[in-house]
Structure formats: structure tokens, C-alpha cells
Amino acid sequence: MHYGGDYNPEQWPEDIWPEDVARMREAGVTMVSLGIFAWSKLQPAEGEFDFGWLDRIIDLLHEGGIAVDLATATASPPPWATSTYPEMLPQDENGSVYWPGSRQQFAPSSPGYRRLAGELVSRLVERYHEHPAVVMWHVNNEYGCHLNADYSDAARDAFRVWLADKYGTVDALNEAWGTAFWSQLYGSFAEIFPPRKAPYSHNPAQLLDFHRFTSDALFECYLMEKRIIRAAGATQPITTNFMGAFKPADYWRWAAEMDVITDDCYPDPNDPQSFRAGAFQRDLMRSLKPGVPWLLMEQSSNALSWRPTNAPKSPGQMRALSMQAIARGADGILFFQWRQSRSGSEKFHSAMLPHAGTRTRTWREIVALGDELAGLPALPASSQEARVAIVLDWENWWALENPDHPVVLDYLSLVQNWHFALHQQNVQVDFVRASADLSGYQLVIAPQLYLLRADGAAGLTAFVEGGGHLLVTAFSDLVDEDERFRPEGYLTQLGPLLGIWLEDFGALVAPGAAGAGQSTAPLGSPLGSVTGTFLAEEIHPIEAVVLGEFTAGRLDGRPAFTRNDVGAGRAYYLATIPDAAGAVTITAHLLAEAGIEPVLPGLPITVEAARRGDVVTVINHGDTPVDLVLPGTDLQRDAPAGAVTLAPFDVRLLRLP
Ligand code: GAL
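Residues numbered from 1 in each chain as written. Predicted model: local features only at pLDDT ≥ 70, side-chain atom pairs only at ≥ 80, totals over all residues. Heavy atoms only, no water.

What to know about the sheet that holds strand 7 (residues 262-264)
Okay, so step 1: Pairing is parallel across the open sheet formed by nine strands, whose spatial order is 5-4-3-2-1-9-8-7-6. The two strands at the open ends of the sheet, each matched to only one other strand, are strand 5 (238-239) and strand 6 (241-242).
Okay, so step 2: Sheet topology note: the strand 3 (residues 67-71)/strand 4 (residues 134-138) ladder contains four bridges and is parallel. From the neighbouring strand, Leu-70 faces strand 4, where its bridge partner is Trp-137.
Okay, so step 3: Helix-sheet contacts for helix 3 (residues 52-63) involve strand 1 (2-7), strand 2 (31-34) and strand 3, and the interaxial angle to strand 2 is about 170°. (Pairing = 2+ DSSP bridges. Helix = DSSP H or I, 4+ residues; strand = E, 2+ residues; numbered from the N terminus. Contact = heavy atoms within 4.5 Å. Axes fitted to C-alpha atoms, helices over the stretch in contact; angles between N-to-C directions.)

Laid out in C-alpha cells, this is it:
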């Protein structure tokens with residue numbers, strides 16, 4: 001179990017370093033991420049490197065028994081670099097330059113940036129790859145953070161090359177993008193631009209390809225660094241830190257090239273429900289690389305500095321959220337950052353060692369957690385404990401949020417709505433791609449799978465044919481990978497499986513918005529009434545049985561929820577998007593039908609339970625104590641768990657028979 005955080009010794013005089021190491025030992029720190037934003041200290045000028053200070057701190061850490069996750073330091077190029085090579089600077093869609101003075105001021109496609117980053121990484125890896133303190137490589141930092149897309153000339157040139165690689169000929173691109181519409185026929189790749197500011201909506205296929213390109217451009221930077229590290233003979237695991245479900249980068253693709261998944265997660269202490277967002281993020285991290293424990297690479301010890309209001313964590317909350325990560329597959333808890341900065345943009349951001357020193361609650365909690373983690377027995381790796389999976393697909397995310405649709409949808413919140421509903425019932429959930437092998441699951445939920453490739457449709461179909469229960473929801477299976485409707489209408493791939501056809505979408509006026517239209521779509525069924533939102537689709541059952549009907553509005557009496565039995569399998573369709581309560585009602589029905597049990601039954605609403613092998617972790621995220629009767633052995637007390645009063649943010653780890 002790793003424990004530690006980002007360590008930025010370059011912000012401090014060297015005479016503080018020995019104290020840092022001593023305090024780290026006191027706190028039980030086992031590993032630090034070193035030098036993440038140290039490029040300007042490591043390379044004060046082109047061709048001039050200064051590794052003396054890094055040598056000294058790595059040796060000092062090593063003597064103190066603290067391992068190093070060595071950063072490649074490429075996330076914030078030094079001022080000399082961007083002054084000498086201004087073409088390295090990224091631009092927004094209006095052509096405005098993102099100037100230096102902050103961080104992440106690099107155009108991922110810039111050949112100059114890649115050359116300089118590559119040189120720095122080569123020097124670092126050459127020098128340190130055999131150092132016994134270095135146990136992991138931390139490539140860059142949060143790729144795409146702040147700068148979600150770059151529209152610079154470097155991006156323009158690289159986008160053209162990317163398109164030429166993909167399509168071969170410009171005719172093929174014209175066909176795929178449907179450029180006959182609005183006189184967009186291109187005569188050569190040199191006529192194509194990133195979707196810079198235009199008078200009106202861009203071609204949706206161009207937007208979609210630009211999302212793919214952007215994810216790939218960032219990914220190429222990662223791969224470039226990874227190749228350099230491996231080519232130098234380094235054998236340590238290589239990672240880059242993720243940011244949960246982050247739209248600009250398709251983490252499914254990235255995960256395959258990461259030795260270990262690492263994640264930065266900052267739930268808002270002001271939001272009493274943010275532990276659900278935490279659980280969502282952690283379940284995604286576990287799912288990205290099944291069977292391989294991931295690391296919580298960054299969290300805060302206490303308050304943040306970048307929200308409009310930055311509440312402190314409650315006493316015990318930092319431990320509770322750390323345990324949530326471990327419960328959901330993490331083998332390490334690290335923080336941003338070790339010592340709170342004295343200057344700079346993040347000086348108000350909490351750290352393991354606060355500015356107010358070791359007499360603080362934060363420090364006491366940090367030391368206590370270090371001690372607790374050191375005392376934990378080795379935990380089994382997660383091994384697909386979940387029987388339920390939710391489809392989460394980046395390409396679909398990009399396409400779904402393209403403009404000019406019947407209604408504006410926020411994919412992440414729609415996916416989370418289902419996850420939260422299941423989490424609230426303490427049902428364990430994985431995330432999957434539709435094309436994955438789904439045979440280990442009993443229930444798969446596919447929210448708004450607007451762009452569905454043939455392999456995804458085949459995956460879902462095979463799942464149902466193999467006896468699985470599948471829920472497909474409104475606005476699914478509408479376009480191909482080029483953002484084109486498929487011939488012959490909607491639901492062209494899944495319609496036969498679902499036993500329905502779809503006539504029209506029926507957008508609803510958002511609740512509270514001005515307009516005479518309908519704002520919600522109530523539907524009733526034997527399982528209870530549900531409020532639909534956003535869309536109320538007009539569907540026609542062919543073979544499916546109707547489980548629920550709209551009970552008001554323009555579709556009053558028309559089918560809203562259907563089921564089609566395919567052998568032992570079932571394919572459900574929901575012709576609207578339920579609100580939070582509706583998602584609970586519907587999932588409760590589906591879980592009962594599929595015979596899926598919660599991790600532990602009958603827990604109060606603020607209590608979560610997650611399973612990792614034979615270990616179940618129970619956490620009270622509420623602000624009042626709860627009385628529970630728990631099964632199994634209390635792992636930390638080595639005694640039967642039984643009746644316990646779980647204080648706010650308290651945790652129990654149980655080993656179940
Ligand atoms: C992360 C970043 C860290 C630090 C932290 C503050 O996004 O990787 O360097 O800025 O946020 O919460």
C-alpha cells in the first residue's frame with residue numbers, strides 16, 4: 001500500500017529537505033511523486049541541465065526509505081522554451097494564444113514541444129533509471145487538464161496528417177463527413193482546419209474527428225515519453241495521472257498503454273452527496289484495467305483552492321474517502337501535495353504538512369492514516385465482483401454532445417444517474433465498453449448510446465443471447481462512427497433485439513424553462529411511477545411487451561418501457577430518461593428480475609459498502625452515527641464484526657466467509 005504525495009522540494013531551500021524526510025517518516029510516507037512541475041529548475045536554458053539538486057533529494061529520500069515516483073516534468077515548459085519557440089503555445093478556437101504564466105502552456109502537436117520534452121525525458125531516464133529509489137515513472141501531469149483542445153497552427157497541421165492517415169483520400173473524407181451539405185466539399189486535406197470559430201454549427205463529423213484527434217494528440221505525447229523511458233532500459237511501471245471520467249481523453253485506449261492506472265480525485269466537501277461521485281470515479285478506475293490495483297495519485301488532505309467556495313473536509317472525511325478508494329480497488333493513497341506551498345497559485349490548497357504545521361488536525365489525520373494503512377493486511381485484488389455493468393464510451397460522449405440535437409444532453413450526468421441509483425442500493429458496478437466480453441455480468445445498462453458501432457451492437461446482442469439482461473435507454477443506436485444516420489431509420493442494429501421500432505424523439509422542455517411544451521414525461525407501470533425527462537420517444541413494439549406507459553402529455557397511453565425476451569436473455573428499452581428517483585425505481589426492478597443482490601442488504605442511505613475479493617468495506621458518509629449489524633470478521637480488530645455503531649465517516653473492513 002503506497003502512501004505519500006506530490007513532493008516539490010524545488011519550492012523550498014535545501015536545508016528544509018532533511019526535515020521533510022523526517023516528517024515523511026513520521027507520517028508513514030512510502031512514496032512521493034517528485035518534480036512534476038520542475039522543468040525550469042531542471043533545464044534553466046536550452047541545452048543546459050541541472051540535475052544536482054535532484055540527485056541530492058533522491059538520495060536523501062532513498063536514505064530515508066522513501067521511494068520515488070519520478071515525474072518527467074513536461075507539463076509546464078519553462079519561459080525560455082516558449083519565448084524561443086512561441087509556436088509551442090496553444091490557441092483557442094478564436095486564435096487567442098494561451099500565454100505562459102500558468103501551466104499546461106503547450107500545444108500537444110507542436111514538434112518543438114515534443115522535441116524539447118523528449119530531450120528532457122531522455123536525460124532524466126538516462127540518469128535515474130537505475131536509481132534504487134525510483135519505483136515508478138510519472139509521465140507529464142493530467143494530460144488535457146485546463147487545455148481541453150488546441151486549435152493552433154501546430155494542431156491544424158497535425159489534424160490534416162491525422163485525417164489523411166485515417167481517410168487516405170479527401171473523397172473518402174467528403175463522403176464520411178457528408179460535406180455535400182452546406183457546400184463543404186474539400187478539394188484537398190490542406191483546405192481543412194480544426195473547428196475554429198465559425199459563423200454557425202460545425203460539421204458534426206468534423207467535430208467528432210477533432211475530438212478523436214485531440215485525444216490521440218495527447219496520447220501520442222504520452223506514448224512518446226513512454227517509448228523513451230523504455231528504450232533507455234527502465235523497467236519500472238509507467239503511468240500518467242487520470243482525472244476520473246475526463247471528456248477530452250479516451251481513457252479506455254490509454255489504459256492499455258499504462259502499467260498502472262493512477263487517478264486524481266477531488267470530491268467537493270461542500271456537497272454531502274459527493275461521495276457518490278467519488279465512488280463513480282473509483283469504479284471507473286478499477287474498470288479501466290481489471291485485476292490490476294490502481295493508485296489514488298492525488299487527493300486533498302483538507303480544503304482545496306480552486307472552487308469558488310473551498311470548504312474544509314470534516315474530521316474523518318479524508319480517511320473515509322481514502323478507504324473508499326481502497327475498497328474500490330486502490331493500492332495506494334497519495335495527495336497533492338506533501339508540504340503546503342508558501343507562494344504561488346495553490347498556497348491556500350491543503351497539503352499533508354500544512355502551513356500551520358504539525359499541531360493541526362490535518363497533520364494528525366495524515367499521521368493516523370499512514371499508521372492505519374501500514375497496519376492493513378494485504379488486500380486481494382479486485383476480480384470482477386460486480387454483476388452489473390454500465391456502458392461508458394468516449395466516442396459516444398463526444399458525438400452525443402455535438403450541437404443540433406433534439407435536446408441538449410450531458411452524457412456524464414446521465415451515466416452517473418444510473419451509477420448513483422445502483423450505488424445508493426449498494427450494488428457493485430463496473431464500467432465497460434459495449435464491444436467488451438460482457439458474459440461475466442447479469443445486467444448491463446447502456447445509457448444514451450447514440451453512436452453505436454457494429455462491434456458494440458454485436459457485443460450487446462451476444463450478451464442478451466447469452467442470457468444477460470440489457471437496458472437500452474432513449475436516444476441510442478442512432479448514428480454510425482461517422483455521425484451519419486444509418487439507412488432505414490433508427491435503432492437499426494438493436495431494434496430486432498429490443499423488439500421495437502422508433503418513430504420519433506419527442507424532446508421535452510427542461511423543467512422550469514420557459515415555453516409551452518411539456519417538461520416531464522410521467523410514466524406508470526406495475527413497478528411504480530417514474531418521471532421521465534428530456535425525451536419522450538414514440539416507440540412501436542413489434543415483439544416486445546409493454547411494461548410501462550406514458551401517463552400524460554402528448555404520448556399519454558403510449559409505450560414507454562418495454563421488454564423483449566430472447567431465450568433466457570431480456571432486452572429492455574426505456575423511451576425516456578428517468579430522474580434520479582426514477583432510476584432507482586427502474587434499477588430496483590431490473591436487479592430483482594436478474595436476481596442481483598447488494599453487497600450488504602438494508603444499509604442506511606448514507607452508508608456505502610463495496611467488495612474487493614473477500615473483503616467488504618463499510619463506510620458511513622453521513623453526519624450522524626448509524627447502528628449496524630455487520631457480518632464476517634472485523635479485519636482491523638480481528639474479531640467478529642456484529643453490532644456496531646458507526647460514527648460519521650467511520651469505516652469497517654470485514655472479511656466475509
Ligand atoms: C491537480 C494537479 C495538481 C494540483 C491539484 C490541486 O489537478 O495535478 O498539480 O494542481 O490539482 O487540486
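There's more to say after this.
What about unusual backbone geometry?
Okay, so step 1: Phe-336 connects to Gln-337 through a cis peptide bond whose omega is -5°.
Okay, so step 2: Within the fold, Gln-337 resides in the loop between strand 9 (330-335) and helix 12 (361-375).
Okay, so step 3: Phi angles above zero are rare outside glycine, and Gln-448 is one such case at about 40°.
Okay, so step 4: Judged by its relative accessible area of 1%, Gln-448 is buried.
Okay, so step 5: One non-glycine residue, Glu-488, lies in the positive phi region at around 70°. (Buried < 20%, exposed > 50% of the residue type's maximum accessible area, 1.4 Å probe, protein only.)

Describing the sheet that holds strand 24 (residues 626-634)
Okay, so step 1: Taken in spatial order, the five strands make up an open sheet running 22-23-26-24-25, and their pairing is antiparallel. Of all the strands in the sheet, the pair left with one neighbour each is strand 22 (607-612) and strand 25 (639-646). Within the sheet, the average angular offset between the axes of one strand and its neighbour, ignoring direction, is 20°.

Overview of the pattern of salt bridges
Okay, so step 1: With the rule as written, the count across this model stands at 41 salt bridges.
Okay, so step 2: For the salt bridge of Arg-23 with Glu-26, the shortest nitrogen-to-oxygen distance reads 2.8 Å. Within this pair, Arg-23 and its partner Glu-26 are both found in helix 1 (residues 17-27), separated by three residues, close to a single helical turn.
Okay, so step 3: Note on Glu-26: relative accessible area 43%, which makes it partly exposed.
Okay, so step 4: Here the salt bridges share partners, and the residues they tie into one network are Lys-166, Asp-209, Arg-212, Glu-395, Arg-453 and Glu-481. (Salt bridge = Lys/Arg side-chain N within 4 Å of Asp/Glu carboxyl O.)

Looking at the packing of helix 5 (residues 111-128) against helix 8 (residues 204-231)
Okay, so step 1: In the contact formed by helix 5 and helix 8, the axes pass within 9 Å of each other and the chain directions differ by 30°. Here helix 8 runs roughly parallel to helix 5, going by the angle between their axes. Between helix 5 and helix 8 lies a crossing of right-handed hand. Along its contact with helix 5, which presents Tyr-113, Arg-114, Ala-117, Gly-118, Val-121, Ser-122 and Val-125, the element helix 8 presents Ala-217, Glu-220, Cys-221, Met-224, Glu-225, Ile-228 and Ile-229.
Okay, so step 2: The residue inventory of the contact of helix 5 with helix 8, partitioned by class, reads nine nonpolar, two polar and three charged. (Parallel < 35°, antiparallel > 145°, perpendicular 65-115°, else oblique. Left-handed = near helix turned anticlockwise from the far one by under 90°. Nonpolar A, V, L, I, M, F, W, Y, C, P; charged D, E, K, R; others polar.)

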